[in-house]
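Below are the chains, spelled out letter by letter.
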Amino acid sequence: MEGNWGPGEAPDETGRGITVRDLIGLLAAIRPCNDSAALIDQLRDLEDLKSAAAAMQARDSVAFDVQQRCAQTEAGLPADELGKGVAAQIALARGESPARGGRLLGMAKALVTEMPHTLAALRTGQLNEWRATLLVKETACLSAADRCAVDEQLAADTGTLAGAGDRTIITAARTAAYRLDPHSVVNRARNAVADRHVSLRPAPDTMCYLTALLPVTAGVAVHAALTRQADTLRSAGDTRSRGQIMADDLVDRISGTPGGISGIEIQLVMTDRALFQRDSEPARLPGYGVVPAGWARAAVAGLQQGGGGQCDAALTTWLRRLYTAPGTGELVAMDSRARIFPDGLRRFIQARDDTCRTPYCDAPIRHHDHIVAWHHGGPTSHSNGSGLCESCNYAKESPGWHTEPRPGPRHTLQVQTPTGHTYRSTAPPLPGTSSPGAPAPLSRRQRRELLHRVKILKRTRLSPLAA
C-alpha cells in the first residue's frame, strides 16, 4: 500500500519499511568496485544520495519547525518568541554550530515553501546542497512570489543547470532576480553596508586571518593606501616584500604602536614545564588555539616575531598559577556567593572552557552563565559556571531546555533539548593533560622505529585495491 510507511521509512524490495538507520547500515556494507568505470559510477550514485539526503533534511527541518511552533503556541509563548530554540536543536542534531543551524533552517524553509524546482533538483541529484544554497542566497532579497518565479524560470529540476559551475549558477540567479525586481536587488546592495564587520580566524603556524567586510569604496581606499606606502618604502630600500610591508603597516596604523604591542591581556595558558624547563608541551592561546611551546616562551619573554625579525618589546608579564587535579586535569575550585561572576572566577572559567561550551559550537565566549540558573538555587561557582556565546546563552533560556552539571573526567555538563535529546560537553584538556585512555607519548627510540617502519612501507608496492 504505497504511501503508508511511517516517518523516516521507505519501502524495501519486500514491501517492508526501511529506516534511515537501516540505510546507514546497508551503506556500511558496500565495498569499492573492482574496476575504474564502476568506481566512477559509484561515486556519482553516492553524490546523488548525498543530495537526496540533504533534500530530506530540508523537509524534516521545516516539519520540525512547524511542530515546535505549534507546541510553543499551545504552551502560551508570545507570538514574537515562536520558533525560539528551533534552529539550535537542528544544529545539535546535525553536529553544527547554532549560527550554522539558523542558516540551514532558513535555507530549508526557502526550498520547501518557495522553491519546489530547486528542491526537486536537489532530491534527484541534479544540484548538490551547496549549489542549492547559492540559489537560495541569491534570491533572498525577493518576495516569496518573485522567488517562486525565479525558481520556475530557472527550473533546475529540468536539467537547465546541468554542468553549470558555481559562478554560472550565481549569475543566472542574479540575472533572473534583477529582471523581476531590480529595486530589491539595488536595495539589498545599499543595505549590505549594515553587515560590515571585522573577524579573526586562526591560520597555521601561529598566524591568523584578520578579515574586514567593508563597502567597496572603503576597501579599495584602504588597500590603495597600504599599497602606496609599501611602494614608497620599497623604493627607499626596504628589504621586506610588498605584502609584508602592507601587513606591518596595517598593524601599526590600527594599534598606534610598532608591532601592535599594547596593553591587551592575552591569557596564554601553558605548563610550568614548558615555561621553565623548555618542555615541548604545546600551549593554548584563547581566541586562537594551540601554539608551539617555543613560540609561547618567546611571547612570555617579550619577543615577538615581526616583519623585521625578532625585536624586544616592553611587556609586563603576570603569572597566574592554575592547579589541576592529577590525571583528569580538572581545575581547582573557586567559589563565590555573588550572583554575578567576579573577575577572578570569570578568568577561571575562560581558561577552563576556552570556547563556547555548547556541543559543536566553538564560538568565542561572550557570557559567563549559571548552568543551573541562579534564581533556581544554582550557586555562583566554577562547577555551576560555563562559558557560552551570546546565541547559545539565549537559546538555552527557551522553554523545554535543561542544562545540568554531570560527572566526568573534567568539568562536564549535559544539555537536554525540548524533544528530550541529550548532548554532553566536557571542558577541553589544559596543556600538559592527557585525555583518559590516551596513549603515552612515544620515546625517542620508539619514534625512530616508527619512522623506519614508515620508510619500509613507502618502499613496498601495493595494489590500490589490496586489503
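Just so we're clear, the structure is a prediction, and the values are computed from it rather than from any experiment.

What counts as what
Residues numbered from 1 in each chain as written. Predicted model: local features only at pLDDT ≥ 70, side-chain atom pairs only at ≥ 80, totals over all residues. Heavy atoms only, no water. Axes fitted to C-alpha atoms, helices over the stretch in contact; angles between N-to-C directions. Helix = DSSP H or I, 4+ residues; strand = E, 2+ residues; numbered from the N terminus. Parallel < 35°, antiparallel > 145°, perpendicular 65-115°, else oblique. Left-handed = near helix turned anticlockwise from the far one by under 90°. Contact = heavy atoms within 4.5 Å. Nonpolar A, V, L, I, M, F, W, Y, C, P; charged D, E, K, R; others polar. Buried < 20%, exposed > 50% of the residue type's maximum accessible area, 1.4 Å probe, protein only. Pairing = 2+ DSSP bridges. 1 Å grid on protein atoms, 1.4 Å probe; cavity = no way out; pocket = protein on both sides within 12 Å on 5 of 7 lines; lining within 4 Å. Points joined across faces, edges and corners; volume = space filled by probe spheres on them.

**Student:** I'd like a rundown of the packing of helix α7 (residues 144-154) against helix α8 (residues 166-180), residues and numbers included.
**Tutor:** Where α7 meets α8, the closest approach of the two axes is 10 Å, and the angle between their N-to-C directions is 130°. In this view, α7 runs oblique relative to α8, as classed from their interaxial angle. In this structure, the crossing between α7 and α8 has a hand that is right-handed. Residues D146, A149, V150, Q153 and L154 of α7 form the contact with α8, whose participating residues are A172, A173, A176, A177, R179 and L180. Grouping the constituent residues of the contact of α7 with α8 by class yields eight nonpolar, one polar and two charged.

**Student:** Hey, could you go over the pairing of strand β14 (residues 412-416) for me, with residue numbers and the actual values?
**Tutor:** When you tally the buried positions in β14, you get four out of five residues, the bulk of the element. Between the end of strand β13 (residues 402-406) and the start of β14, which pair antiparallel, lie five residues. By the bridge criterion, five bridges tie β14 to strand β15 (residues 422-426) in an arrangement that is antiparallel. If you follow L413 over to β15, its bridge partner there is S425. What sits between β14 and β15 in their antiparallel hairpin is a turn of five residues, with G420 showing a positive phi close to 90°.

**Student:** Now, about empty space enclosed by the protein: what can you tell me, with residues and values included?
**Tutor:** Within this structure, the stated rule accounts for three cavities of 30 Å³ or more. Estimated volume of the largest cavity: approximately 160 Å³. As for the largest cavity, its lining consists of 19 residues, of which T358, L388, C392, K396 and V415 are closest to the centre. Looking at the lining of the largest cavity, the elements with two or more residues in it are α3 (86-94), β12 (385-388), α15 (390-395) and β14. The element best represented in the lining of the largest cavity is α3, accounting for three residues.

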